[in-house]
Amino acid sequence: MKNPNKLKFFNSLTIVLLPKDGAGNIQKEFQDYPNNDPRIPYQDGNDFDAFFAADDWDHQAFGGVQFVATTSAALSRLRWDRKRVDAVAVDGQHRLKSLKLWMEGKNNELVDVEKPTRIPVIFLLLDDKVGFRCGTGSNNSGIKAIAREIFTDLNKNAREVDMATQIILDDRSIASCCVRELVTDSTCTDDDTLLPLSLLRWQEANNRFDQKYYLNSLVNLHLIVEDLLDLEPPTKEAMNKARALSFIEKASRQLGTGPQRRLEDRGVDLKEYYEKEFLDDDGDPTAPLTGIPPQFLPAATAGFKEHFAAWMLRLLRDFKPYSDLIAYARKNDLISGEFAQYRAQPKDHQFHLQKVLANLHGDRWKHLVLDQHDEAIEGIKGVRDSKGEQWAFKTIFQKAVMRLGKRLFFETPENERERLGSVDDFLKFMNRLYEHDVFRVLAPLQNENYRLWTFISVNYGSEKIKVASTSEKRILAILTLWYFASRYATSENRALSFDQENDEHVTTTEVLRYFSTKGAQAQWPAVHDHYQELFREFQKNSHLISGKSELAELSDQKQKQVAKARLQAVFDAGLRPWIAPQPVATEQEASGPTL
């Protein structure tokens, strides 16, 4: 309401009229009293009010309420005696309070641009003269009790629109607009670059996609986009000029286009627009900024497509576990065939389709059309596999991969991108680790008691995934160290080795030692920070790694030795696919030449 340039949409208020006695006490029902049906028009000279005095209209008066229903232009007239009737909001109480505070701040006066605004109101008239009837056998304890029941039903049973639906429909959320740039417009539609909606979990507000046929989840994509954009609209400080300008600066840096990274609408920059429309002549805010204004969202979405969408879609489609799933879906017509057509329907329609599919395929229709494909795709995901499930289909892993993608393909200056690698280079790296089962949740770690991902993102006792932001950070840390090690070796024109350090080889020990220094971060972003993050976690668990019961059983020096050794072992595990195995010496070679 405060923003004159914003489209107005205000949900209706629900008001119930409650009868009072002369002393102001709420009564069970309306009771007539003298002069409770004043004349119409109430004031002489009011032609509009006089219109409701016609005998043809349905005129009712009860307990201080006067109601006239006409058959002309669907008009009605409602008045009540405020001394004998209370108007109580049973739905929209906070909206009503905000309107009152807003009007008080304006001295109860509207400017011309505000006067056309209309607020819908539903009035509940609980009297038989206007058609209200209690249900047969109901225990009617009066209007107050009925109003309380209505209040409870409206507020207790109200359902917020779920997140998945908001993502599909919300045109005012930049994150939702950006997510829709990543997926096809409809189900049963394939595309060479976008994510097929038929393979996404889009009908429920759930971010998981590690079970069944799902390639991804709309809610998960929304969380990833929000994380990558890292925009926090100043909703709680909407009248804070500094916060608003900071938000605009960041939004322009992330989503602006052109050399100056500007967010524009018809040639007007977002910052210029804010200063003109939201500030007075003294530079003080007159209206709140709660996000990117609607007219700038198309430009922001275009910026997302330019800076984010292309590399995101490559990682979300061309990483081998995802491309394998898409290939299987295409081979078996899951994106546009009966599988997708059935899955796209609401449950009640699915019930009717079951008979159609049974007629076509017989009693085993569910297995043939649905279940066999769910099971095959779960095989790609490693579900029920003794080697463990694939990290690729875990939300915390995918978020870490996308954060690394942002660092490589958005934050890295153009003149550094060749050294840090292209999207193809990164995918080649990821695919190689995937093919060597490094990305299995239960991947082993050579010569260690605990598995590769234990302490990083898997609990040491239960071997269950530790779903937490700290796990996401540690996954990002080890992925970064692994990838940058491969790029470091490439930039040095040397091959990685476990034991050879010369002009042609560099040892993994030397690379990790270099990454542990602060100076390395100038060339390889965040490697020192990531090293420390993993080192601290391993030191904290060094007693478990070394088979002790309590951390106090190890000296500080021993804790660090154990942590360093564990980190080196984990580091080596991710680089082993790049290191050619050394040929095993024959017995004769091992003992030397025969004389």
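Everything below is about the structure printed above this text.
The shown structure was predicted, so the numbers you read here are calculated from the model rather than taken from an experiment.

1. Some thoughts on the overall build of the protein
Reasoning step 1: Of regular secondary structure, the protein possesses 22 helices and 12 strands.
Reasoning step 2: In terms of overall dimensions, the protein is more spread out than a globule: its C-alpha atoms have a radius of gyration of 34 Å, far above the 25 Å expected for 595 residues.
Reasoning step 3: Taking the principal axes of its C-alpha atoms as reference, the protein extends roughly 135 × 75 × 55 Å.
Reasoning step 4: Across the 595 residues that make up the protein, the buried fraction comes to 43%.

2. Some words on the pairing of strand 3 (residues 65-69)
Reasoning step 1: When strand 2 (residues 58-62) meets strand 3, the two strands line up antiparallel, connected through 5 bridges. Counterpart to histidine 59 in the pairing with strand 3 is valine 68.
Reasoning step 2: Where strand 3 lies against strand 4 (residues 76-80), 5 bridges are found, and the strand directions are antiparallel. Bridged to phenylalanine 67 within strand 4 is leucine 78.

3. Quick notes on the packing of helix 17 (residues 469-491) against helix 18 (residues 508-515)
Packed helices, taken two at a time, are described by the angle between their axes plus the distance between the axes.
Reasoning step 1: Here helix 17 crosses helix 18 at 115 degrees, and the two axes come no closer than 11 Å. It follows from the interaxial angle that helix 17 and helix 18 lie roughly perpendicular. Here the hand of the crossing between helix 17 and helix 18 comes out right-handed. Counting all contacts with helix 17, which are made through Leu481, Phe484, Ala485 and Tyr488, the residues of helix 18 involved are Val511, Tyr514 and Phe515.
Reasoning step 2: Taken together, the residues of the contact of helix 17 with helix 18 break down into 7 nonpolar, no polar and no charged.

4. Some details on empty space enclosed by the protein
Any empty space left between the atoms is revealed when a probe the size of a water molecule rolls over them.
Reasoning step 1: Inspection of every chain in the model, using the stated rule, returns 2 cavities of 30 Å³ or more.
Reasoning step 2: Lining the largest cavity are Leu315, Phe319, Tyr322, Phe397, Gln398, Val401, Phe426, Leu427 and Met430.
Reasoning step 3: Mapped by element, the contributors of at least two residues to the lining of the largest cavity are helix 14 (395-411) and helix 16 (423-435).
Reasoning step 4: Broken down by class, the residue content of the lining of the largest cavity amounts to 8 nonpolar, 1 polar and no charged.
Reasoning step 5: Of the volumes computed, that of the second largest cavity is approximately 30 Å³.
Reasoning step 6: As for the second largest cavity, its lining consists of Thr187, Ser198, Trp202, Tyr213, Ala340, Arg343 and Ala344.
Reasoning step 7: Tallied by class, the residues present in the lining of the second largest cavity amount to 4 nonpolar, 2 polar and 1 charged.

5. Considering the packing of helix 18 against helix 21 (residues 556-575)
Reasoning step 1: Close contact between helix 18 and helix 21 brings their axes to 10 Å; oriented N to C, the two are set at 120 degrees. For the pair helix 18 and helix 21, the crossing hand works out as right-handed. For the pair formed by helix 18 and helix 21, the contact residues are Thr508, Thr509, Val511 and Leu512 on the first element and Leu567, Gln568, Phe571, Asp572 and Leu575 on the second.
Reasoning step 2: For the contact of helix 18 with helix 21, the residue count by class is 5 nonpolar, 3 polar and 1 charged.

6. Here's the deal with the sheet that holds strand 4
Backbone-to-backbone hydrogen bonds pair the strands of a sheet. The strands run either parallel or antiparallel.
Reasoning step 1: If you trace the 3 strands from one edge of the open sheet to the other, you get 2-3-4, paired in antiparallel fashion. Two strands bound the open sheet, and with one partner strand each, they are strand 2 and strand 4. Averaged over all adjacent pairs, the angle separating strand axes in this sheet is 5 degrees, with direction ignored.

7. Structural notes on a negative patch on the surface
Reasoning step 1: A contiguous patch of negative charge on the surface is contributed by Asp280, Asp281, Asp282 and Asp284.
Reasoning step 2: The topology assignment puts aspartate 281 in the loop between helix 8 (270-277) and helix 9 (297-318).

8. Some words on helix 8
Reasoning step 1: All of the buried residues in helix 8 are Leu270, Tyr273 and Tyr274. Each buried residue of helix 8 sits inside an arc of 100 degrees when the element is viewed along its axis, so together they form one side.
Reasoning step 2: As for helix 8, its buried residues are in contact with helix 7 (241-255) and strand 10 (268-269).

9. Points about the sheet that holds strand 6 (residues 121-124)
Reasoning step 1: Sheet architecture is open: 3 strands sit in the order 5-1-6, paired in mixed fashion. In the strand order of this sheet, the two ends are held by strand 5 (85-91) and strand 6, each with one partner. For this sheet, the mean inter-axis angle between neighbouring strands, taken without regard to orientation, is 30 degrees.
Reasoning step 2: Running at roughly 115 degrees to strand 5, helix 2 (residues 93-105) makes contact with strand 1 (13-19) and strand 5 of the sheet.

10. Comments concerning the side chain of arginine 474
Reasoning step 1: Secondary-structure assignment places arginine 474 in helix 17.
Reasoning step 2: In this structure arginine 474 touches Phe455, Ile456, Lys466, Glu533, Leu534 and Glu537, once residues within four positions along its chain are discounted.

11. Regarding the nonpolar core
Reasoning step 1: In terms of nonpolar packing, the biggest core is built from 132 residues, with Phe439, Trp453 and Trp482 touching the most fellow members.
Reasoning step 2: Here the element with the most residues in this core is helix 17; it accounts for 12 residues.
Reasoning step 3: Each residue touching tryptophan 482, except ones within four places of it in the same chain, is listed here: Phe429, Leu433, Val438, Phe439, Leu452, Trp453, Val570, Phe571, Gly574 and Leu575.
Reasoning step 4: One finds Ile15, Val16, Phe62 and Ala89 within the second-largest nonpolar core, a separate group that totals 19 residues.

About the thresholds
Every chain is numbered independently, its residues counted from 1 as its sequence is written. Given that this is a predicted model, residues contribute local features only at a pLDDT of at least 70 and side-chain atom pairs are listed and counted only at 80 or more, while totals for whole chains, interfaces and linings are drawn from all residues. As a rule here, side-chain values cover all heavy atoms of the structure and leave hydrogens and water aside. Secondary structure is summarised from DSSP: a helix means a run of H or I of at least four residues, a strand means a run of E of at least two, and numbering begins at the N terminus for each. The quantity called the radius of gyration is restricted to C-alpha atoms. Its globule counterpart is 2.2 Å times the number of residues to the power 0.38. Type-normalised accessible area, obtained with a 1.4 Å probe on protein chains alone, sets the label of each residue: buried when under 20%, exposed when over 50%, and partly exposed for intermediate values. Any two strands between which DSSP finds at least two bridges are classified as paired. To define axes, lines are fitted to C-alpha atoms, for helices over the stretch in contact only, and angles between the resulting N-to-C directions are given on a 0 to 180 degree scale. These descriptions rest on fixed angle ranges, namely under 35 degrees for roughly parallel, over 145 for roughly antiparallel, 65 to 115 for roughly perpendicular, and the rest for oblique. By definition, any crossing whose near helix is turned counterclockwise from its far helix by less than a right angle is left-handed, and any crossing with a clockwise turn is right-handed. Whether two residues are in contact is decided by their heavy atoms, any of which lying within 4.5 Å being enough. Residue type decides the class: Asp, Glu, Lys and Arg count as charged, Ala, Val, Leu, Ile, Met, Phe, Trp, Tyr, Cys and Pro as nonpolar, and the leftover types, Gly among them, as polar. A 1.4 Å probe that fits into a set of points on a 1 Å grid over the protein atoms alone but cannot get out defines a cavity; an open set with protein on both sides within 12 Å along at least five of seven lines defines a pocket, and lining residues are those with an atom within 4 Å of a point. Grid points are joined across faces, edges and corners, and a volume is the space filled by probe spheres set on the points. Within the patch definition used here, like charges are joined within 9 Å and nonpolar side chains (Val, Leu, Ile, Met, Phe, Trp, Tyr) within 5 Å, considering only residues with over 30% relative accessible area and no salt bridge. We get accessible surface area from the Shrake-Rupley algorithm with a probe of 1.4 Å; when it comes to residues, only the shown protein chains can shield them. Salt-bridge detection follows one rule: a side-chain nitrogen of Lys or Arg within 4 Å of a carboxyl oxygen of Asp or Glu. His is not counted, nor are the chain ends, whereas Lys and Arg count as positive and Asp and Glu as negative. A single reference atom marks each charge: NZ on Lys, CZ on Arg, CG on Asp, CD on Glu. This arc describes the spread of directions from the helix axis toward the C-beta atoms. The set of buried Ala, Val, Leu, Ile, Met, Phe, Trp, Tyr and Cys residues whose side-chain atoms join them within 4.5 Å is what this entry labels a nonpolar core.

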